[in-house]
Amino acid sequence: MGEFEVHRVRFFGLVPAGVRCLACQPRGGRLALARTDGAVEVYNFAANYFQEKVIPGHEARSVEALCWAAGDRLFGAGLGGDITEYDLARLCVSRSVDGCGGPIWSMAANGSGTQLAIGCEDGSVKLFQVVPGGIQFERNLDRRKGRILCLSWHPLDTHIAAGSIDALRVFDVHSGQTVQRIMVNYHVQKVKRECIVWSIAFLSSGTVVTSDSFGRVQFWDWERGTLLESHTVSTSAVLSLAVSEKEDSIIVGTSTGATYQFQLLPVKMGSLEKRWVRTKPFQHHTHDVRAVAHSSTALISGGLDAQLVIRPLMEKMQKKGYDAALRKFTFPHRRLVSCARKARLLLFQFSQHLELWRLGSTDETGKDGEVLPLCRMPEHLVQLKSKGPEHIYCSCVSPCGSWVSYSTASRFHLYRVQYEGDGVSIRKVPKVPKLVLPAYQLQFSSDSGSLFVASARGSVHVLQLLEPGGCKHLHTFRPPSGSPEAVYLLASSADGHWLAAVSGDWAIHIYNLKCFKHHCTVPMYGCAVTAVAIHPLTNNLVIAYSDQQLFEFSIPEKQYTAWSRMVQNCGLHKVWLERDSPITHITFNPKNPSHILLHDIYMFCVLDKSLPLPDNSALLMNQSTLKQLPETARQRQLHAFKICKKFQPLLFADLLDENCLVMVERPIMDIKTQLPLPIQQKKFGT
Amino acid sequence: MAALCESFTLCGLGPSGGVGLGSGLLALEPGPDPDHVLLTDRGRTATLFKVSDQKPLGGWSVKHGQIITCPVVCNFETHEYIAVHDDKVLRIWKNKDINLDKVFKATLSADVYRIHSLPNGGPVVLFKGGGVRTLDVLLEAPQQEIENIISDEVIKWSEAFMEGQQPVLIFATEKDGDFFVYVQKLKMNSLHKYKLEQQELSKPLSFTAYIKNQIITLLCLYSNDSVYKVLIPLQQNTEEEEQILSKSLLLNLSVSGSVLKGTSLVVLDKDHIAVLGSLAASGEESKECLTIWNTKFQTLQTSKELPLGTSGQLWCYEEKFFFTHGKVLTVVMYKCETSSLAAAVGKLKDSQTPDVSSFVNWNTLGDEELVVSYQSQQSVALKSESKMTLRSKRNTVAKVQPDTLSVGQLLLNLKDASTTVFEDELRQLMSKAQIPDFQATIGCVITALMNRCKTNPKYYPRNFLLHIVQTRDLSYSLCPDLMAVALEKKDVHLLQICLQRFPDIPEEITYACLKVFLSISEAYLQRIDVNLESVICYIDIEFNNKEVKTEIVENGFNAELEQDIWDTKITKETHLTADGEFCPVGPQKAALLNAVLHSAYSETFLLPHLKNLPAQQAVLFLRYLYYLYVKCSEKINTTLPGIRSPTINQIMDWMCLLLDAHFTVMVMLPEAKKLLSNLHKFVRAQVRFYSELNKIEGSLRELQRLNHQKDSQTYSIEVLELI
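Per chain, the residues get numbers from 1 upward, laid out in the order the sequence is written. Chain labels run from A onward and ligand labels from 1 onward, assigned in the order the entries are written. Totals for whole chains, interfaces and linings use every residue, but because this is a predicted model, local features are given only for residues with pLDDT of at least 70 and side-chain atom pairs only at 80 or more, for both listing and counting. Side-chain numbers here rest on the full set of heavy atoms in the structure, without hydrogens or water.

- Chain B carries the name NOL11 protein in an unreviewed UniProt entry, which gives Calonectris borealis as its organism.
- On record in UniProt, under Subcellular location (unreviewed entry), the comment for chain B is "Nucleus, Nucleolus". UniProt positions are given in the numbering used here, feature names are shortened, and annotations may be inferred rather than shown by experiment.

Quick word on the overall build of chain B
Okay, so step 1: Helix and strand definitions here come from DSSP, where helices need a minimum of 4 consecutive H or I residues and strands a minimum of 2 consecutive E residues; each element is numbered from the N-terminal end. Assigned secondary structure in chain B consists of 20 helices and 30 strands.
Okay, so step 2: Categorising residues by exposure relies on relative accessible area from a 1.4 Å probe, with only protein chains included: less than 20% of the type maximum marks a residue as buried, more than 50% marks it as exposed, and the intermediate range marks it as partly exposed. The buried share of chain B, reckoned over its 723 residues, is 47%.
Okay, so step 3: Throughout, a residue-residue contact means that at least one pair of heavy atoms, one from each residue, lies within 4.5 Å. Taking contacts inside chain B between residues at least 6 apart in sequence as the whole, the part at least 24 apart equals 55%.
Okay, so step 4: For the accessible areas, the method is Shrake-Rupley and the probe is 1.4 Å, while residue cover comes only from the protein chains on display. Accessible area for chain B stands at about 36000 Å²; split by element, carbon and sulfur atoms hold 53% of it.

Side note on the sheet that holds strand β6 (residues 65-69) of chain A
All names here are of chain A.
Okay, so step 1: By definition, two strands form a pair when at least two bridges between them are found by DSSP. Sheet architecture is open: 4 strands sit in the order β6-β7-β8-β9, paired in antiparallel fashion. Each edge of the sheet is formed by a strand with only one pairing partner; in this case those strands are β6 and β9 (92-98). Between one strand axis and the next, the sheet turns by 25° as a mean value, whatever way the strands run. Each axis is a line fitted through C-alpha atoms, and for a helix only the stretch in contact is used; angles between axes span 0 to 180 degrees, taken between their N-to-C directions.

Overview of the state of the cysteines
Okay, so step 1: We call a pair of cysteine sulfur atoms a disulfide when they lie within 2.5 Å. Tallying each qualifying case throughout the model produces 0 disulfides over all chains.
Okay, so step 2: Of all cysteine sulfurs, the one in Cys21 of chain A lies closest to Cys67 of chain A, which takes part in no disulfide; the gap is 9.5 Å.

With respect to the pairing of strand β20 (residues 216-221) of chain A
Consecutive side chains of a regular strand alternate in pointing toward one face of the sheet and then the other.
Residues and elements named next belong to chain A.
Okay, so step 1: β20 sits mainly inside the fold: 6 of its 6 residues count as buried.
Okay, so step 2: Burial of the side chains of β20 extends over both faces: Arg216, Gln218 and Trp220 are buried on one face and Val217, Phe219 and Asp221 on the other.
Okay, so step 3: Taken together, strand β19 (residues 207-212) and the strand that follows it, β20, pair antiparallel across an intervening segment of 3 residues, in which Gly215 is found at a positive phi of about 85°.
Okay, so step 4: Across 6 bridges, β20 lies against strand β21 (residues 226-232) in antiparallel orientation. Of the residues in β21, the one forming a bridge with Gln218 is Ser230.

Description of the pattern of salt bridges
Okay, so step 1: By salt bridge we mean one thing: a side-chain nitrogen of Lys or Arg within 4 Å of a carboxyl oxygen of Asp or Glu. Summed over the entire model, instances satisfying the criterion amount to 41 salt bridges over all chains.
Okay, so step 2: Across the salt bridge formed by Lys627 of chain A and Asp368 of chain A, the nearest N and O atoms sit 3.1 Å from each other. You can see Lys627 of chain A sitting in helix α3 (residues 623-628) and its partner Asp368 of chain A sitting in the loop between β32 (353-358) and β33 (371-372), a full 259 residues away along the chain.
Okay, so step 3: Judged by its relative accessible area of 33%, Lys627 of chain A is partly exposed.
Okay, so step 4: Its relative accessible area of 30% is what places Asp368 of chain A among the partly exposed residues.
Okay, so step 5: One connected set of salt bridges, linked through shared partners, spans Arg8, Arg10, Lys646 and Glu665 of chain A together with Glu718 of chain B.

Here's the deal with the side chain of Ser264 of chain B
Residues and elements named next belong to chain B.
Okay, so step 1: Mapping Ser264 onto the fold places it in strand β23 (residues 258-269).
Okay, so step 2: Only 2.8 Å separates the side chain of Ser264 from the backbone oxygen of Gly312, close enough to count as a polar contact.
Okay, so step 3: At 3.4 Å, the side chain of Ser264 forms a polar contact with the backbone nitrogen of Leu314. Any pair of nitrogen or oxygen atoms within 3.5 Å is treated as a polar contact; in protein, a donor-acceptor pairing is required on top of that, and neighbouring residues in sequence qualify only through side-chain atoms on both sides.

Quick notes on the packing of helix α11 (residues 507-519) of chain B against helix α17 (residues 615-634) of chain B
Residues and elements named next belong to chain B.
Okay, so step 1: With their axes 10 Å apart at the nearest point, α11 and α17 run at an angle of 90° to one another. By the criterion of interaxial angle, the relationship of α11 to α17 is roughly perpendicular. Touching Leu514, Lys515, Leu518 and Ser519 of α11 are Gln617, Leu620 and Phe621, all from α17. When describing relative orientation, an angle under 35 degrees is termed roughly parallel and one over 145 degrees roughly antiparallel, while 65 to 115 degrees is termed roughly perpendicular and anything else oblique.

A short note on the sheet that holds strand β55 (residues 650-657) of chain A
Okay, so step 1: As summarised here, the arrangement of the 5 strands in space is β33(A)-β30(B)-β1(A)-β56(A)-β55(A), forming an open sheet in which the pairing is mixed. Because the sheet does not close on itself, it has two edges, and the strands there are β33 and β55 of chain A.
Okay, so step 2: Pairing analysis gives 8 bridges linking strand β1 (residues 2-9) of chain A to strand β30 (residues 715-722) of chain B, with the strands arranged antiparallel. Following the sheet pairing, Val6 of chain A is matched in β30 of chain B by Glu718 of chain B.

Section: the packing of aromatic side chains
Okay, so step 1: Stacked, edge-to-face and tilted labels apply to pairs of Phe, Tyr and Trp rings (six-membered ring for Trp) whose centres lie within 6.5 Å, assigned for plane angles under 30 degrees, over 60, and everything in between, in that order. Following the criterion strictly, the structure yields 36 aromatic pairs over all chains and no others.
Okay, so step 2: A ring pair is formed by Phe219 of chain A and Trp276 of chain A, whose centres lie 5.4 Å apart and whose planes are at 15°; its orientation type is stacked. Residue Phe219 of chain A is located in strand β20, and its partner Trp276 of chain A is located in strand β25 (residues 274-283); the two are separated by 57 residues in the primary sequence. Across this residue pair, the class does not change: Phe219 of chain A and Trp276 of chain A are buried.
Okay, so step 3: Plain terms: the ring middles of Tyr545 of chain A and Phe551 of chain A are 5.4 Å apart, the flat faces sit at 90° to each other, and that makes the pair edge-to-face.
Okay, so step 4: Members of the aromatic cluster, each reached through a chain of ring pairs, are Phe11, Phe12, Phe348, Phe350 and Trp357 of chain A together with Tyr715 of chain B.

Focus: a positive patch on the surface
Okay, so step 1: Taken together, the side chains of Lys674, Lys681, Arg684 and Arg688 of chain B define a basic patch exposed on the protein surface.
Okay, so step 2: Relative to the helices and strands, Arg684 of chain B resides in helix α20 (residues 670-709). A patch consists of residues whose relative accessible area exceeds 30% and which take part in no salt bridge; residues with like charges are grouped when within 9 Å of each other, and nonpolar side chains (Val, Leu, Ile, Met, Phe, Trp, Tyr) when within 5 Å. This count recognises Lys and Arg as positive and Asp and Glu as negative, with His and chain-terminal groups excluded. In this description, the location of a charge corresponds to atom NZ of lysine, CZ of arginine, CG of aspartate or CD of glutamate.

With respect to the environment of Tyr511 of chain B
Residues and elements named next belong to chain B.
Okay, so step 1: Relative to the assigned elements, Tyr511 resides in helix α11.
Okay, so step 2: As for Tyr511 and Tyr601, which are separated by 90 residues in sequence, their C-alpha atoms are 10.0 Å apart.
Okay, so step 3: Leave out the neighbours within four places in its chain, and Tyr511 touches Leu606, His609, Leu610, Asn612 and Leu613.
Okay, so step 4: Of the polar contacts made by the side chain of Tyr511, one reaches the backbone nitrogen of Leu613; its length is 3.3 Å.

Shown next as structure tokens:
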């Protein structure tokens, strides 16, 4: 097929923020996650755990607790002292209410989702009513000294258990009085250290489960105030705890990175007496596991090492499939890098700044696997710092490299970059049109003449870029039937004729840029779209879905292409479908129209449509086998998927020209070195 | 679903060959070995091909002026080739013969139509007059009179099968537009003549047939583009003259407006047939193609266009189609899987995905077991009472709707049934693969079987148990009695499979198996079917030598003498193993021991049992382990070839364990002395070798580090080749 010159880039210094808290939607298929930088993400279980929504963080808005209430409304609370409601359609904070109790450490919604309880720094527990359009302060419960670090409602909503330092308390919701106070370090008199109750859970049987900084998981009878069971799981703190909906299984996370499962099992076969038994230990993290969640089929944990780990419970699985595999997510399921193909520039997006780099070059050529000597080193051209506390939503560099644009929650910036010899000058475009912000995705047209801005309610703004440095608003596309969801993916055609926009309800609308009209809608497919791109020659839209299906839709003919139908008829290879990370970027090789280039975190693939699809008996990753075969024998083994797994974890890959690729990697080891040292553990008496 | 796979050219057909009837290939017949075919052309030559290599292995031709008139076949028993040239002259030769003029020749009294060679029945000769002789009978008197039974009918097609032990020949003839079918059973010397039902305006073009359950199924391709099915029962007692065979339409060869003009057909399996012909859509030029049809759902499964034209003949052996395509003989492989409606209409996306749950639901398993144990604990008094009610129940309910009964109930019902009824019912139960919690059910079935074995010592359903263990994922804990009973019955094959398949065998049972395997005589083992795949790739034992020896031991020497022979043999073999020559045990025993080596164990629990192993057996086992160790060390990667062959770690662990257990005995025993000293020498040599390797390890690692250093840069331009 051919050789590529690969620019292997490892200087993108992205350090994903640690996971602070997790919340499973009750009886729903979604998981909300908050990171230490205040970003909130929503993962969809049904769409193969695709990270479908991201609300970037805010310097002043830490999130200590997340909870779902009133069905699908998501609330967060943090050390800023505010309770925040998130707008999941527009991906921003919809409203925020002061808790009036200093920093908020914990928050919990009651079983019916009508009330929120918050635990504050000043030791108070406050109740808020969830009403349409916001929340309303209801009352204070009995206040004592000591911050409330964790809260849990009794499933019948009659009592609240709250964990504090050295003690846990149980409140009666009706009277607001403390009905029980239990000192948790009573049994360890000789220790002078304070014992922090990090996490608490109230079971319907009246048992209160606590996890504390002494590494214990304890079960208490709240009415008698007695200790029922105590399990020491770790020498360091047990930071988090979550109970399954059936209350037969508990997951706890410790500061050594280990998680443990407890199960309620009969003491012997057939006996009615049941006890909590520590059953499965897992060590998926290297750092604190600050958050755990228990879905109906999986144990979920998130750590300060930025990993989200979903460990399925095999006994809950009916058949082997996508859900039955362990999966780890470290990197976002979206693009943080954009590439100026013609100017050979890369733009890296960090939470609060952008970096513009120029790639190096070489004069040499070589054989497969060789590293070529550089004749010019890569160059860090510009660092653009975003002012203010808001984090960046999206960014883009134009193909010619002379425009850079980014958006935060409330501001949109466009810069004109000029290159004079070795120097670079950057100038802000003064009067940008007033748009409804934030922008969720930015995309320059291939001639760098216009900029497409993905916006809320399914709309896309078209801005015309003017020399020497200006812009004006040309048109706003809106889906004909309207949509509440924001657009999160854009693709424009090379001939400047078509624009595809994907909104949060997974509908793909195609607009005609010549006459500014809605052209058609791609038939709905019940899974999240992870990447789209329009072929430069045929104007076929290639769509990757989170269930790893690939579709090709002919825009001029408004129907799926014959190849796409053939793929659906034959089915994709089993190994392809079982991959666990979504395709995040698709591009094409104009010189080889039958090639589609796509990548996910773990592989780069050139899909050659002219070759037959592999059947399940064939080897999908056959490159190394092929390399060992003589030329003549290769022909019979060739199939459409040419997969390269040399570059990992792959954040971005693009084609610069005919046989020149750029791959942006972020080695996990480089991230690990940026993290604080994990807790030292003794191994084998050394 | 059936699919055509890759195709390749077997050979060109030479200048005399070509497309169209009347020239080219006469026939293709299977060769002496799998993957071999015999090709006879319409001239003077026959060629033997190895198909996968696309290579001719040999060719023979008759003299100028002679013509081969009947396809060359291979006698599978003697590996001889048989040909007829000029209608009457029979030639028989072997692989090494080159010149056909010099090989065996017999001139017959009548014209030969075809010779059919049957895998177990020898060749059968069909004469043009309808007479049939086996080759043996014919060779006794080549000039014997051959009767003409079909007068002026012309044979159109013939085929031969084995039914049980007897060859059956079927052939079709034509006379004035009427078609007749003859079925000849050679051993019984019975001939039946049938007339094929007339069809308006069309006549059969091609036939094919297969035999199943004493019924010949004849498929005829008619000129009206349909395939008809004719059933001919073999058990025919009535001696009526000329029965009329009625036919039924099996398949119409048309799909969405285009019609396939078939020229020949073959049967692939019970639901699939392949037809070669030309596909003609209305108003379009017809294209020749090879097609596979599903007869169950009447669909065209797949087709392949053959633009260069064919001769209209199609053969099919070993999942490969053979036909002439243009000027070459083309081979196309195919796959034919069981058909489901989804597959037939092309909706089956992923046939690999298992539909049945592959996880065991342990909760229900517990319940099922409880049911069984509860049943067995039921008091005798209750039992007699329940028996009465259940008996009547079985007659009414169990026979009519066995599905609705729960497994526990069914097993309880069967407790007193006769052996055959019992096994039949269980087999039926097992065949219902869709039962929820199937694992648990099987556990119950085995428990029931074992209970029966215990109560009735004569009863032991060897094959049934083997079948269950081989086809299902069982574990020791699911059927704890199974291995105990197998040990008692010395069913080593079952034990071997259990050891290979069960993940959780207790050490006590592992030891018991080892002891049985070591103590059992080689002579006994030779009569037993044991899976040898773990041994076959590396063992090099002299079978004949061994056999003679065990014969002597068996034939009435007393125990002391036997012991003597054994001892001398041991000393002799010790000498041999020192050179790493021969295996101290036979291949069957080696395979059984390998199964033990492969099983999981924990040293602490195994050691106490292992101490009980008799000294002679321990020495024999150690000798075998030593042999394996030497074999392993021969290869650079220290692994033995073959499937489930023991790894070097397993061998070493067992060796250490055995020496630990029998330390004192080994030191005392004179015959162990030589073995131990050899072992010691060999291990010392190995240790030295590895310590030398360790010394250069640092240098090797440095080389590797240099390789890695390139990776740690933050930017590089590399060359990547994708093929």
